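Examination of the molecular architecture
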Amino acid sequence: MSHEQEWVDDEAGPVVRPYAVARGRTKSTSTALDLLATVALTGQPAPVQADLGSQHRRLLTCVAGHARPIAEVASELNLPVQVVRVLLGDLLGYGLVTVRPPRSKEASSPTESLLREVINGLRAL
């Protein structure tokens, strides 16, 4: 039986309960873990004292190469968001990932003057 088969049964779903994956923890050590926050690797090596399980390593592999929102990571790993938050809290503590909060709606919303310029430009076509 491969390692992946230990965790998931196609018919029954996850064989191991989420709280077991998070070692019985339900709260993250970090409060900056909004669903839309973006996770990226720091590129730092794991410290000697780092106790990384297979799910930690899966999470690191998932965000390798490009930053991804926490909700997307949870979906990709097929884990509950709260479990991913706990695992990310561990990785943050070890300095292996960074988490950027989501952009505020005000910062990402276009201004009225920009919208008018776009409309005028479209009309000119």
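All of these numbers come straight from a predicted model, not from anything done at the bench.

Criteria and cut-off values
Residues numbered from 1 in each chain as written. Predicted model: local features only at pLDDT ≥ 70, side-chain atom pairs only at ≥ 80, totals over all residues. Heavy atoms only, no water. Helix = DSSP H or I, 4+ residues; strand = E, 2+ residues; numbered from the N terminus. Buried < 20%, exposed > 50% of the residue type's maximum accessible area, 1.4 Å probe, protein only. Contact = heavy atoms within 4.5 Å. Areas by Shrake-Rupley, 256 points an atom, 1.4 Å probe, with all protein chains shown as cover. Pairing = 2+ DSSP bridges. Arc of directions from axis to C-beta. Salt bridge = Lys/Arg side-chain N within 4 Å of Asp/Glu carboxyl O.

1. With respect to the overall build of the protein
On a plain count of helices and strands, the protein comes out with seven helices and five strands. What you see in the protein, going N to C, is helices and strands ordered as α-β-β-α-β-α-β-α-α-β-α-α. Out of the 125 residues in the protein, the part that is buried amounts to 29%. In the protein, 74% of the contacts between residues at least 6 apart in sequence involve partners at least 24 apart. When the accessible surface of the protein is summed, it comes to about 8500 Å², and 55% of that surface belongs to carbon and sulfur atoms.

2. With respect to helix α3 (residues 54–63)
An α-helical segment advances 3.6 residues per turn. Residues three or four places apart therefore align on the same side. Where burial is concerned, most of α3 is hidden: seven out of the ten residues are buried. The complete set of buried residues in α3 reads Ser-54, Gln-55, His-56, Leu-59, Leu-60, Cys-62 and Val-63. Within two residues after α3, Gly-65 carries a phi angle of roughly 95°, on the positive side.

3. Things to note about the pairing of strand β5 (residues 97–100)
Side chains Val-97 and Val-99 project from β5 onto a buried face, and the interleaved Thr-98 and Arg-100 project onto a face without burial. Bridge count for strand β3 (residues 38–41) against β5 is four bridges, and the pairing is antiparallel. Of the residues in β5, the one forming a bridge with Thr-38 is Arg-100.

4. Details of helix α4 (residues 70–77)
For α4, the full list of buried residues reads Ile-70, Val-73, Ala-74 and Leu-77. Along the axis of α4, the buried residues cluster in a sector spanning 100°; they form a single face. Looking one or two places after α4, you find Asn-78, whose phi comes out positive at around 60°.

5. What to know about the pattern of salt bridges
This structure, assessed with the given rule, holds two salt bridges. With its nearest N and O atoms 3.6 Å apart, the salt bridge here joins Glu-76 to Arg-68. Judged by its relative accessible area of 9%, Arg-68 is buried. Salt bridges here are not isolated pairs; linked through shared partners, they connect Arg-68, Glu-72 and Glu-76.

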